[in-house]
Amino acid sequence: MDKAYNPTNEDQIYKKWLDSGAFTPKVPKNPKEAKLKDNPYSIILPLPNANDPMHMGHALFTIQDILVRYHRMLGQPTLWLPGGDHAGIETQFVFEKKLQKEGKSRFDFDRKTLYKMIWDFVEENRKLNQFQMKKLGFSMDWTRYHYSLEEPIVKNVLATFKKLYKDGLVYRDEKIVNYCTHCGTAFSNLEVDHKTVNSHLWYIKYGPLTVATTRPETMLGDTAIAVNPKDKRYKDLIGKKILLPLVNREIPVISEDSIDIEFGTGAVKVTPSHSPEDYDMAKKHNLEFIRIIDFDGRANINVPEKYRGLFPNQLRQAVIDDLTAANLIEKIEDYTHEVGHCYRCGRPIEPITAPQWYVKIDALAKPTIKAAQDNQVKFFPTRFKKSFITWMENIRDWNISRQIVWGPQIPAWYCLDCNPGIKLNFLDKNKQVISAFYSELKGKYSVEEIKNGLQTLVAPVTADFIIDETDHCPKCKSASLIQETDTFDTWFLSGQWPLSTLGFNTEDPSKSSPDFDYFYPTTVMDTLWDILFFWVARMTMFGLYLTGDVPFKTVHLHSKVTDAKGQKMSKSKGNVVNPLDMTEKYGTDALRMSLVYGIAPASDFVVSEDKIRAQRNFVNKIWNASRFVEMLIDRLNPSKISLDIDKSKLTKADKDILDKLNKIIASTTKNLNNYRFGQVSEDLYQFFWKDFCDVYIESAKDRGEETIPVLLTVLTTSLKLLHPFVPFVTEEIYQYLIEKYNFKHELLVSSKWPTNEF
RNA sequence: GAGUCUAUAGCUCAGUUGGUUAGAGCGCUUCGUUGACAUCGAAGAGGUCAGAGGUUCGAGUCCUCUUAGACUCACCA
């Protein structure tokens, strides 16, 4: 053996594991019955974005590897199923940045071309991602790898959409949505970051009263003034109409209990198309909706000519200038408030009314809340149970449509002849962008030309649609059908990931794959807590809705890796530590160990090179202890080398170390069952280094061959206990010992977990 | 506005159901190691466990409050 451990054989060892089939569990012929007896163990990998190179967050999948390696050694049929996500908006955003660098934008391409370009872009990185996970030693079953845009997976997701529709849980509506005019799509509430903004409160004279507002520019779309009925100042005005400045349109004064008399002037301008609260008021009072900001972020519609085409901040200035000129600004106060920003590009979110696809969430949420309450899904650490339930209880209908290209399109078709009010944006034969209603285009452009160059369409909320694909409109028999250009929210697809990857068949559950029968529900979902709502909640809802059973029995939330300053690692901050650089420098085992050593459950932690180096030393210690055992045996040159311990001949040192070994086996087993990885790794470190090396091995230096069985027993048992954490070095040593001393040939990866029998 | 978490050695952090002199890594001091490991060993310095009060035979650990910080959720003008 070499003088120091040199992790140069990792790839070979990984290949040995792969070739042995250890990562690929076999499913018996009668999976449903066998399952009860076999107690299979399964984890679905939180699918990384296929376009995303590895970062420390991915390296934390080590936790899952520890779990599956441990349970595999316990003898359970064990599956760790990897995958890759197309990651809708994330990927499109990255790709658009790339386009931007090349001086292009998404508007230069029709959607088919754009889709193809992004597809190729992702394919380049997808392989890299898999390669990197192998480098980290993850014992995933690559024969069951899935990519979220695989045809069968998409097919199943579309089937789920159809089922939801049939069950009356899908509808279109034109509500206020969180719209990012830069990204060109709506977002769910979860995708909006609230940031504190220092702004102003403008007091604007509206005829007989004054309103206070943070968004003067939206006044062009006001359709009412709201006051509290208890407010004596405005009592007489309720029901009257007043003239809206600048646009000279009459709007009513309405009575609304929710208005705070103390705030501002107690009179609120109501802009139903650009404010969520005002939207609700408008629904209640049956007010008019006047949208002034269009989906491109400009004031294109329903505004006086002079304001046309302005962006909101320009519009604000123009409106304030004109109000000032007309002496209609009473005063301006400083004001700090929370404003929603796009979580992707960071720009302010524009609340806009837009037709979108929704899923009614109550029917899905209720069983999910119950499952959490009844511990059908358990949470580690348990405190996340409470926030999960609270969030589920306050959940709103889910906007599942995104106005992006990258992802499966919603399988709904519109008849252009029945719905001439559909607005189409497309590139014509000459690659010119045309943007008009179908009523204006009919006769000038063929449907074929429109389809070929199509970028997006916006169908009025009243438009009829067909969910099953056909050639002809069932009403008018026209063949001018066009598919909805909205794509699914990424989480709509990934929310079904455990079902899709295990081969659940939504259309006919009885045709689901044996994998599904055997491994569903999966055992553990280990993920970062920040996607608890995005993903874990959605998976649970879909699982229960489609199968009646939860997708995983336990949710284990792990910690976030930060840099030395405690900041989240991100590319934009430039503080990303590449795990592959670390494995190259110190070996994979050292990195893995440093990611779990002494970490409290679900608390953020710092990964520093110091720490990795310390664990590299530990890995080397394992190596050298083994090397010493070998050298000692060579020196003693015994007639027979065996692991059989003769209990009658044990010295005090022997008894002590065996006693400690029994204890560490028991505590390791117990703590692994309770997800206490930090504790286990520390205990093993102390046991191996202090108890075994510094004490027992030191004492063995003065002894004869009777010490060999104990030495070898403690060593090989330690290798087993350590294997889930540091798989490469332990396997390499184990193979070496087997070879040299002619022990029973087996791979450590599929060896039996020790029991405290010594 | 609602909720969650954190505060322990110079630094980064462990410390499950409350139980003997509070631990690790890194750093620091002294010494040792020419045959496992300079990626090593031995010994040591260093902490009134944020502050105050309470429960208890006993509190770093449970409860209340205070202070400082982090985060999540949220449609208030």
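Residues numbered from 1 in each chain as written. Chains lettered and ligands numbered in written order. Predicted model: local features only at pLDDT ≥ 70, side-chain atom pairs only at ≥ 80, totals over all residues. Heavy atoms only, no water.

*Asks:* How should the packing of aromatic side chains be read in this particular structure?
*Replies:* Counted under the stated rule, the structure contains 44 aromatic pairs. Relative to Trp17, the ring of Tyr14 lies with its centre 6.1 Å away and its plane at 65 degrees, an arrangement referred to as edge-to-face. Within this pair, Tyr14 and its partner Trp17 are both found in helix H1 (residues 10-20), separated by three residues, close to a single helical turn. Among the residues examined, Tyr14 registers a relative accessible area of 5% and is labelled buried. Ring geometry for Trp391 versus Phe533: centroids 4.7 Å apart, planes at 15 degrees, classification stacked. Linking Trp391 in helix H11 (residues 383-393) with Phe533 in helix H17 (residues 532-547), this pair joins segments that are 142 residues apart in sequence. Looking at Phe533, the relative accessible area reads 22%, which means it is partly exposed. Every member of this aromatic cluster is reached through a ring pair, and the members are Phe161, Tyr165, Trp357, Trp398, Phe465, Phe488, Phe492 and Phe542. A cation over an aromatic ring shows up here: Arg291 above the ring of Phe295, its NZ or CZ 4.4 Å from the ring centre. (Phe/Tyr/Trp six-rings, centres within 6.5 Å; stacked < 30°, edge-to-face > 60°. Helix = DSSP H or I, 4+ residues; strand = E, 2+ residues; numbered from the N terminus. Buried < 20%, exposed > 50% of the residue type's maximum accessible area, 1.4 Å probe, protein only. Lys NZ or Arg CZ within 6 Å of the ring centre and 35° of its normal.)

*Asks:* I'm lost on the sheet that holds strand E20 (residues 433-437) in this one. Help?
*Replies:* Taken in spatial order, the three strands make up an open sheet running E20-E19-E21, and their pairing is antiparallel. Only two strands of the sheet have a single partner each, and these edge strands are E20 and strand E21 (454-458). Across the sheet, the mean angle separating the axes of adjacent strands is 10 degrees when strand polarity is ignored. Summarising the sheet, strand E19 (residues 423-427) and E20 pair through five bridges and their orientation is antiparallel. Within E20, the residue paired with Lys423 across the bridge is Phe437. (Pairing = 2+ DSSP bridges. Axes fitted to C-alpha atoms, helices over the stretch in contact; angles between N-to-C directions.)

*Asks:* I tried to follow the packing of helix H4 (residues 62-73) against helix H21 (residues 652-673) on my own but got confused; where do I start?
*Replies:* To characterise two packed helices, one gives the angle between the axes of the helices and the distance between these axes. Interaxial distance between H4 and H21 falls to 11 Å at its minimum, and their mutual angle equals 125 degrees. Considering their axes alone, H4 and H21 lie oblique with respect to each other. Handedness of the crossing formed by H4 with H21: left-handed. Along the contact surface, H4 presents Ile66, Leu67 and Tyr70, while H21 presents Thr669, Leu672 and Asn673. Here the residues of the contact of H4 with H21 are counted per class, giving four nonpolar, two polar and no charged. (Parallel < 35°, antiparallel > 145°, perpendicular 65-115°, else oblique. Left-handed = near helix turned anticlockwise from the far one by under 90°. Contact = heavy atoms within 4.5 Å. Nonpolar A, V, L, I, M, F, W, Y, C, P; charged D, E, K, R; others polar.)

*Asks:* Looking at this structure, how should I read the protein's contact with RNA strand B?
*Replies:* Taken together, 48 residues lie around RNA strand B, and Phe263, Val268, Glu277, Arg396 and Trp689 are the ones closest in. Near the protein, within 4 Å, the atoms of RNA strand B are sugar or phosphate in 66% of cases. Contact between RNA strand B and Asn617: a sugar or linking oxygen at 3.2 Å from a side-chain N or O atom of the residue. Within the side chain of Glu682, an N or O atom sits 2.5 Å from a sugar or linking oxygen of RNA strand B. Within the residue set of the surface near RNA strand B, elements represented by two or more residues are strand E8 (209-213), helix H8 (276-285), strand E13 (329-342), H11, helix H20 (609-636) and helix H22 (677-700). Looking at side-chain class alone, the surface near RNA strand B contains 20 nonpolar, 12 polar and 16 charged residues. (Near = heavy atom within 4 Å. Polar contact = N/O pair within 3.5 Å; in protein donor to acceptor, adjacent residues only side chain to side chain.)

*Asks:* Quick question: what am I supposed to make of the sheet that holds strand E14 (residues 350-359) here?
*Replies:* In any sheet, the strands associate via hydrogen bonds between backbone groups, in a parallel or an antiparallel arrangement. In spatial order, the strands read E6-E5-E14-E16; together these four strands make up an open sheet with antiparallel pairing. Where the open sheet ends on each side, the last strands, each with one partner, are strand E6 (185-187) and strand E16 (398-399). Alignment of E14 against E16, held across two bridges, turns out to be antiparallel. When the bridges of E16 are listed, Tyr358 appears paired with Asn399. The strands touched by H8 within the sheet are strand E5 (170-180) and E14, with E5 carrying the most contacts at an inclination of about 145 degrees.

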